[in-house]
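The residues making up each chain are set out below.
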Amino acid sequence: MPAYGEAAYWDQRYQREPTCFDWYQGFSGLEPILKRHVPTSANILHVGVGTSQLQAEMVQRGGYQRILNTDISSVVVQHMQDLHKGIPQLQYRTADARSMPEYKDGAFDAVLDKGTLDAVLCGQHAGDS
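The present account deals with the structure reproduced in this document. (Residues numbered from 1 in each chain as written. Predicted model: local features only at pLDDT ≥ 70, side-chain atom pairs only at ≥ 80, totals over all residues. Heavy atoms only, no water.)

**Regarding the overall build of the chain**
Then, in step 1: Counting its regular elements, the chain contains five helices and four strands.
Then, in step 2: Counting helices and strands in the order they occur from the N terminus, the chain gives α-α-β-α-β-α-β-β-α.
Then, in step 3: In the chain, which comprises 129 residues, the proportion classed as buried is 39%.
Then, in step 4: Long-range pairs, those at least 24 residues apart, make up 68% of the contacts in the chain with a sequence separation of at least 6.
Then, in step 5: A total of about 7,400 Å² of accessible surface is found on the chain, and carbon and sulfur atoms cover 51% of it. (Helix = DSSP H or I, 4+ residues; strand = E, 2+ residues; numbered from the N terminus. Buried < 20%, exposed > 50% of the residue type's maximum accessible area, 1.4 Å probe, protein only. Contact = heavy atoms within 4.5 Å. Areas by Shrake-Rupley, 256 points an atom, 1.4 Å probe, with all protein chains shown as cover.)

**Topic: the pattern of salt bridges**
Then, in step 1: Overall, the coordinates contain three salt bridges when judged by the stated rule.
Then, in step 2: Of the charged contacts, one joins Arg 13 and Glu 17 as a salt bridge, the two residues approaching to 3.8 Å between their closest N and O atoms.
Then, in step 3: Residue classification places Arg 13 among the buried residues on the basis of a relative accessible area of 17%.
Then, in step 4: Relative accessible area serves as the criterion here: at 39%, Glu 17 is assigned to the partly exposed category. (Salt bridge = Lys/Arg side-chain N within 4 Å of Asp/Glu carboxyl O.)

**A word on the sheet that holds strand β3 (residues 90–94)**
Paired through their backbone hydrogen bonds, the strands of a sheet run either parallel or antiparallel.
Then, in step 1: The strand order across the open sheet formed by four strands is β3-β2-β1-β4, and the pairing between neighbours is parallel. At either margin of the open sheet sits one strand with a lone partner, and together these are β3 and β4 (110–112). With direction set aside, neighbouring strand axes in the sheet form an average angle of 20 degrees.
Then, in step 2: Where strand β1 (residues 43–47) lies against β4, three bridges are found, and the strand directions are parallel. Bridge pairing in β4 places His 46 opposite Leu 112.
Then, in step 3: Strands in contact with helix α4 (residues 74–83) are β2 (66–71) and β3; relative to β3, the strand with the most contacts, it is inclined by about 160 degrees. (Pairing = 2+ DSSP bridges. Axes fitted to C-alpha atoms, helices over the stretch in contact; angles between N-to-C directions.)

**Quick word on the packing of aromatic side chains**
Then, in step 1: Within this structure, the stated rule accounts for three aromatic pairs.
Then, in step 2: Members of the aromatic cluster, connected to one another through ring pairs, are Tyr 9, Trp 10 and Tyr 14. (Phe/Tyr/Trp six-rings, centres within 6.5 Å; stacked < 30°, edge-to-face > 60°.)

**Description of helix α2 (residues 27–37)**
Then, in step 1: Turning to α2, its buried residues are Phe 27, Leu 30 and Leu 34. Mapping the buried residues of α2 onto a view down its axis gives an arc of 75 degrees, with all of them on the same face. Seen from the buried face of α2, the exposed residues on the opposite side, beyond 90 degrees, are Ser 28 and Arg 36.
Then, in step 2: On its buried face, α2 sits against α3 (54–60) and β4. (Arc of directions from axis to C-beta.)

**Considerations on the pairing of β2**
Then, in step 1: A large share of β2 lies buried, amounting to five of its six residues.
Then, in step 2: In the sheet, β1 pairs with β2 via five bridges, with the strands oriented parallel. Opposite Leu 45, over in β2, you have Leu 68 as the bridge partner.
Then, in step 3: In this fold, the crossover linking β1 to β2 by way of α3 has right-handed handedness.
Then, in step 4: Once you follow β2 into α4 and on to β3, the crossover reads as right-handed. (Right-handed = clockwise from strand over helix to strand, strands pointing away.)

**Re the nonpolar core**
Then, in step 1: Counting residues in each nonpolar core, the largest one holds 24 residues, and the members touching the most others are Leu 34, Ile 44, Met 58 and Tyr 64.
Then, in step 2: Of all the elements in the fold, those that place two or more residues in this core are α1 (7–16), α2, α3, α4, β3 and β4.
Then, in step 3: Here the element with the most residues in this core is α3; it accounts for four residues.
Then, in step 4: Residues contacting Met 58, with those up to four places away along its chain left out, are Phe 27, Leu 34, Ile 44, Gly 63, Tyr 64, Ile 67 and Leu 112. (Core = buried A, V, L, I, M, F, W, Y, C linked by side-chain atoms within 4.5 Å.)

Take it as geometry only, folks, not as evidence of what the structure does.
Here it is in structure tokens:
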């Protein structure tokens, strides 16, 4: 089974497949839920961003103002920073969603996770995560 919880797996994958891809729903499918529960002024943390375009559409179509996007893969974080350098409402950081002590409890108003939990729990060494 692939080591989905390891940065090396994702770095290699994103080097091979850098194209944008949303695993589950895009903004169109999530917009009604987001609009109902997350104000556009919310400070949002998006974990396991990968090559998703959700966050860009949230800003461009939904009017969201602050989204910090994190991923365990430094390769994809650099790629997404380059791709969205003209969108100041988006920030990207390399981080492991399982441990992010640099952010205090309550630092964010909302957290988005579209597949990170599944990736961590179904990969090799899942019981260790």
